[in-house]
Each structure stands twice: as C-alpha cells, then as structure tokens.
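# Architecture at a glance
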Amino acid sequence: MYETQDVIASILPQLFEHSDILITKLAPELFQSIRNTPLETTDPTNALIERAIAIIHAWNAHEQAEFIAAHPRIGAIKQLSALSAKEQSGGLSATTRLQTPPEVLKRLEHLNACYERVYSGLRYITFVNGRTRAAIAREMEDKLQLGHPLESYPDGPPLNEPTAESLICVAKNSEDWLHELTRAVDDVGEIAKSRQKSLGL
C-alpha cells in the first residue's frame, strides 16, 4: 500500500500537520524503513503511524521539537487545518466552535505563553479526544502547577496570578524537558490514529 515515497509523502500530511521536516526527513526515512522491514498488513496505516513515531523518537531533540511545532497551539482559531479545528472543538460543528467563551480562549493564550516559557523550545501538545477547550485549559494549569481561575474567578484571574515571565524555566534537554518532548511526540501519534479513523484510512 505504501510502496513509494510519493505515496507516503501524500498520506503523511493527512495524519500529521504539514511541515518541511515531515516531507524532507520523515517521508524518506519512513520509506527506507518500510523497504527494509515491510509494515504489518492487517492495518497498514496504523502500522505506518507507529513506525513514523518510532522514527521521530530516534531523532535528536531539536528535530523532534521542530516536528511538534507544526501543530497549532491549543486554543488557536486562525490558520487551523480542518482536522485541527474539529479536534480542538471537541468534534463540534464550525458554528459551535465559534462559541468557545472568550475568557477560555484568553486563558489558553496565557497558558501557552506560560508553557513555552517553562519548556523553552516546545509547544504544548495533547490528544484532545473530544474534550472541550476549557478542559484542556485545566489540564495545562495542572501541568504548570497553576490555579484554576476560570472556575474560581469567573470575572477574571486574581491580580496575583503569575505572569509567564515570572515562571521558572525547565533546563532545555534536562530529564524533565525531554520527558515532556517524548510525551508530546506520543500524543501526536494518538492524534494521527484518531485522524486515521475519521478519514477512514
């Protein structure tokens, strides 16, 4: 099924977010890997995703970070692929997606800035799996050990809410930083498997 590099290069952007490294590095390495060891044939697309994630995990940290950076930030509403927009909405319609409360979008914007301050060079990735943006905000708050002002302060966060600049950075390439990078790559794989089902591949 995936016998040429062109076929692989055409399917990858349907499963993952399009990026230069997806086409220039992952596609040829995946093609060579499949030539050496053919995919399991019962569910070749699922096997393709698992092989791709294994290859990405073998890349250096900079390359892995570049790969996950192709995914949009949680809460982004512009320049989203159709699949990303549907995933971030919890599978709701386009009309319903636009009804995400502005305070939730504002909170996610702040949380993304906080995360990218703490984990410099990374972008927060999570397998949404039907959850709302508000639920993802809570997950991000837990990751960053912040409070839950959307629940405790519906009129806005308290004045002593920490700014992104005040947070302590995790050392780049430290065990904690690398663990977060690995988790992000694994979640990209779960997202790809969900897209496979949505597209019937």
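Residues numbered from 1 in each chain as written. Predicted model: local features only at pLDDT ≥ 70, side-chain atom pairs only at ≥ 80, totals over all residues. Heavy atoms only, no water.

An unreviewed UniProt entry lists the protein under the name Oxo-4-hydroxy-4-carboxy-5-ureidoimidazoline decarboxylase, with Suillus plorans given as the organism.

### Describing the pattern of salt bridges
Going through the model one piece at a time under the given rule, you end up with ten salt bridges. A salt bridge links glutamate 29 to lysine 25, with the nearest nitrogen and oxygen atoms 2.7 Å apart. Of the two residues, glutamate 29 and lysine 25 both sit in helix H2 (residues 20–36), four residues apart, roughly one turn of that helix. With a shortest N-O distance of 3.4 Å, arginine 183 and aspartate 187 are connected by a salt bridge. (Salt bridge = Lys/Arg side-chain N within 4 Å of Asp/Glu carboxyl O. Helix = DSSP H or I, 4+ residues; strand = E, 2+ residues; numbered from the N terminus.)

### With respect to helix H8 (residues 133–144)
Given 3.6 residues per helical turn, the α-helix brings residues three or four places apart onto the same face. The end-to-end C-alpha distance of H8 is 16 Å, a good match for the 16 Å that twelve residues give at a rise of 1.5 Å each. Regarding H8, the residues found buried are Arg133, Ile136, Ala137, Met140, Glu141 and Leu144. Viewed end-on, H8 has its buried residues packed into an arc of 145°, placing them on one side of the element. Directly after H8, the chain includes glutamine 145, whose backbone phi takes a positive value near 60°. (Expected span 1.5 Å × (residues − 1). Buried < 20%, exposed > 50% of the residue type's maximum accessible area, 1.4 Å probe, protein only. Arc of directions from axis to C-beta.)

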